[in-house]
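# Architecture at a glance
The lines below spell out each chain.
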Amino acid sequence: MLAAQLTKKRTLFVIPVLAILCVLATASFSRPIHAAPQEVPESAPPVQTPPVPSLVQQGKLIFDYTPQYAPKWTGNTLTCTDCHRLSGTVPYASPMIDISGLFPMYSKRAGHVITLQQRIQECFVRSENGKPLPVNSPEMKSLVAYINSLWTNGVRNKPYKYRGLVRLPELTGNAVRGKAVYTANCAACHQDNGEGIPDAYPPLWGPNSYNDGAGMHNNAKFAAWVQHNMPLQRPGILTPQEAYDVAAYVNSQPRPKFNQAYKTY
Ligand code: HEC
Ligand code: HEC
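Described below are features of the structure shown in this document. (Residues numbered from 1 in each chain as written. Chains lettered and ligands numbered in written order. Predicted model: local features only at pLDDT ≥ 70, side-chain atom pairs only at ≥ 80, totals over all residues. Heavy atoms only, no water.)

So, about the coordination of the iron atom of ligand 1. The iron atom of ligand 1 binds to the protein through H84 (NE2) and C123 (SG); the donor distances cover 2.0 to 2.3 Å. With 6 donor atoms in place around the iron atom of ligand 1 and angles of 88 to 179° between them, the coordination shape is octahedral. Of this pair, H84 sits in the loop between α4 (80-83) and α5 (85-88) while C123 sits in helix α6 (residues 116-125), and the two are 39 residues apart along the sequence. For C123, a relative accessible area of 23% corresponds to the partly exposed category. (Donors = N, O, S within 2.8 Å, 3.2 Å for Na, K, Ca; no water. Tetrahedral: all angles 85-135°; square planar, octahedral: opposite > 155°, others 65-115°. Helix = DSSP H or I, 4+ residues; strand = E, 2+ residues; numbered from the N terminus. Buried < 20%, exposed > 50% of the residue type's maximum accessible area, 1.4 Å probe, protein only.)

Shown next, in the form of structure tokens:
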């Protein structure tokens, strides 16, 4: 009897507790799922979204800092602007000015007509010792947009007056004499070991340089580029013969091999 009474008392106590719990639960579930948006106080600063770089700006970044902005497709530390100087604007440093109006054009190396995109791929697989970036990749689209922005004459098939490299007589370089030219005129920046100084002076040979399929590995092209553009502080001081000699020396040094699998044609 005592036990039964106790049980009854407990039941009497438990019922209201359950009821309260039920009310609380219903209350919490019946709250609206989406709280009303809080009003932004008028003094709050406007939300700052960083400006999205245009395709042209993105292309210039890739051109100037190639390994940083196109890491998937580069295999060394060279930027486009290391050779196509000052973002592709320097006369006879193979400038990008007005080349958009020349492509598609016949390529001696390919033996047929190639597009601007294919020409860019060539510099990636040879000068950049990298891979042929796809025509539809964002990097390719940006680079083409940047190069198109330098089409200033707007005329088809009319090359810029200072396109390409200076014309030098055809000579034969001597690597032994070239080493002396190098020590006197180049080593201060590009270093005795040819590897340059990261972010200051680009490498001329070694693992971070252009490969043996690159335009620069052709002594006539190297000599023409260097004669007009180097040494940086006094370009033009080398005679054509000295330019060929230093080309023979630099291009006899070790460097990456062109990967035939990346031939773009
Ligand atoms: C190691 C030097 C070097 C680097 C780095 C380099 N190039 Fe070149 N590029 C050359 C040389 C040399 C030529 C051929 C110039 C000539 O024969 O007149 C050339 C030619 C070109 C041409 C054709 C120019 C014309 O007048 O027809 C394009 C386009 C080009 N490069 C784009 C690029 C891009 C884009 C990059 C960076 C991804 C790049 N290059 C990196 C050396 C380089
Ligand atoms: C005062 C420093 C300095 C000196 C001296 C100098 N260079 Fe350069 N060189 C540079 C810089 C910096 C660049 C990158 C291009 C630019 O910034 O315009 C460069 C780029 C190059 C390039 C193309 C990029 C590459 O790494 O393949 C070649 C080739 C080159 N130099 C060869 C030479 C040769 C040969 C000499 C000597 C005759 C020489 N340089 C002397 C600073 C120098």
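Moving on, there is more to tell.
Taken together, 22 residues form the shell around ligand 1, and within it C80, C83, H84, C123 and K221 come nearest. For ligand 1, a nitrogen atom lies 2.8 Å from a polar atom in the side chain of H84. At a separation of 2.7 Å, an oxygen atom of ligand 1 approaches a polar side-chain atom of K221. Counting residues per element, the ones that place at least two in the shell around ligand 1 are α4 and α6. Per-element accounting of the shell around ligand 1 gives the leading share, 4 residues, to α6. Residues belonging to the shell around ligand 1 are distributed by class as follows: 12 nonpolar, 6 polar and 4 charged. In this structure, the shell around ligand 1 is formed jointly by two domains, domain 1 (55-164) and domain 2 (175-260), each of which donates at least three residues. (Near = heavy atom within 4 Å. Polar contact = N/O pair within 3.5 Å; in protein donor to acceptor, adjacent residues only side chain to side chain. Nonpolar A, V, L, I, M, F, W, Y, C, P; charged D, E, K, R; others polar. Domains from an automatic or database assignment.)

In the neighbourhood of ligand 2, 22 residues make up the surrounding shell, with R85, C186, C189, H190 and M230 lying closest. At 2.8 Å, a side-chain N or O of H190 approaches a nitrogen atom of ligand 2. Within the contact set of ligand 2, an oxygen atom lies 2.7 Å away from a backbone nitrogen or oxygen of P203. Broken down by secondary-structure element, the contributors of at least two residues to the shell around ligand 2 are α4, α9 (187-190) and α10 (219-229). Ranked by residue count, the leading element in the shell around ligand 2 is α10, at 3 residues. In terms of residue class, the shell around ligand 2 is made up of 17 nonpolar, 3 polar and 2 charged. Each of domain 1 (55-164) and domain 2 (175-260) gives at least three residues to the shell around ligand 2.

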